[in-house]
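Analysis of the macromolecular model
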Amino acid sequence: MKMKYNFPSLSGLHTLTVAKQLQKIKEEVQELENELQRAESFRYIAVEAWDIIHACETLLRMLEDCTDVEAAYWEVVKKNMRRGYYDDSVGKNE
């Protein structure tokens, strides 16, 4: 089963490196921090948060050829369930 992503794949994905994508994620986090400091608009904060998710999804797409990204997703879900991070309804139907 292929992961379902929120955003379309970037063109030129094969030209990126993990290091370059990590730098992009850091840049997006900095942009979010800048918006939080400005506190002018929750919409801009939301846009920057989505930019981070998009950059992270791009990294995950890059990793699909060398690891089971879906299995990694479920590891995170299970770990966070054990830690009690989710409300009681999570995991009832899995």
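See the structure above.
Let me sum up the structure you'll find in this document. (Residues numbered from 1 in each chain as written. Predicted model: local features only at pLDDT ≥ 70, side-chain atom pairs only at ≥ 80, totals over all residues. Heavy atoms only, no water.)

1. A few points about the nonpolar core
Leu-13, Ile-25, Ala-55, Leu-59 and Met-62 form the largest nonpolar core, which has 5 residues in total. Ignoring anything within four residues of it in the chain, the contact list for Ala-55 reads Gln-21, Lys-24, Ile-25 and Glu-28. (Core = buried A, V, L, I, M, F, W, Y, C linked by side-chain atoms within 4.5 Å. Buried < 20%, exposed > 50% of the residue type's maximum accessible area, 1.4 Å probe, protein only. Contact = heavy atoms within 4.5 Å.)

2. Quick look at the layout of surface pockets
One number sums up the size of the largest pocket: a volume of about 230 Å³. Lining the largest pocket we find 13 residues, and of these Met-3, Tyr-5, Leu-60, Val-69 and Tyr-73 sit closest to its centre. For the lining of the largest pocket, the elements supplying multiple residues, two or more each, are α2 (42–63) and α3 (69–82). Per-element tally for the lining of the largest pocket: the top contributor is α3, with 5 residues. (1 Å grid on protein atoms, 1.4 Å probe; cavity = no way out; pocket = protein on both sides within 12 Å on 5 of 7 lines; lining within 4 Å. Points joined across faces, edges and corners; volume = space filled by probe spheres on them. Helix = DSSP H or I, 4+ residues; strand = E, 2+ residues; numbered from the N terminus.)

3. Some thoughts on unusual backbone geometry
Look at Ala-39: it is not a glycine, yet its phi comes out positive at around 50°. Looking at the secondary structure, you find Ala-39 in the loop between α1 (18–38) and α2.

4. Details of α2
Over its 22 residues, α2 extends 32 Å from the first C-alpha to the last, a length consistent with the 32 Å expected when each residue adds 1.5 Å. For α2, the full list of buried residues reads Ile-45, Glu-48, Ile-52, Ala-55, Glu-57, Thr-58, Leu-59, Arg-61 and Met-62. Against α1 lie the buried residues of α2. A distance of 3.0 Å separates the backbone nitrogen of Arg-43 from a side-chain oxygen at the start of α2, and that oxygen is part of Ser-41. (Expected span 1.5 Å × (residues − 1). Polar contact = N/O pair within 3.5 Å; in protein donor to acceptor, adjacent residues only side chain to side chain.)

5. With respect to the environment of Ala-72
Secondary-structure assignment places Ala-72 in helix α3. Here Ala-72 falls in the partly exposed class, since its relative accessible area comes to 35%. Ala-72 sits 12 residues away from Leu-60 along the chain, and the two C-alpha atoms are 9.9 Å apart.

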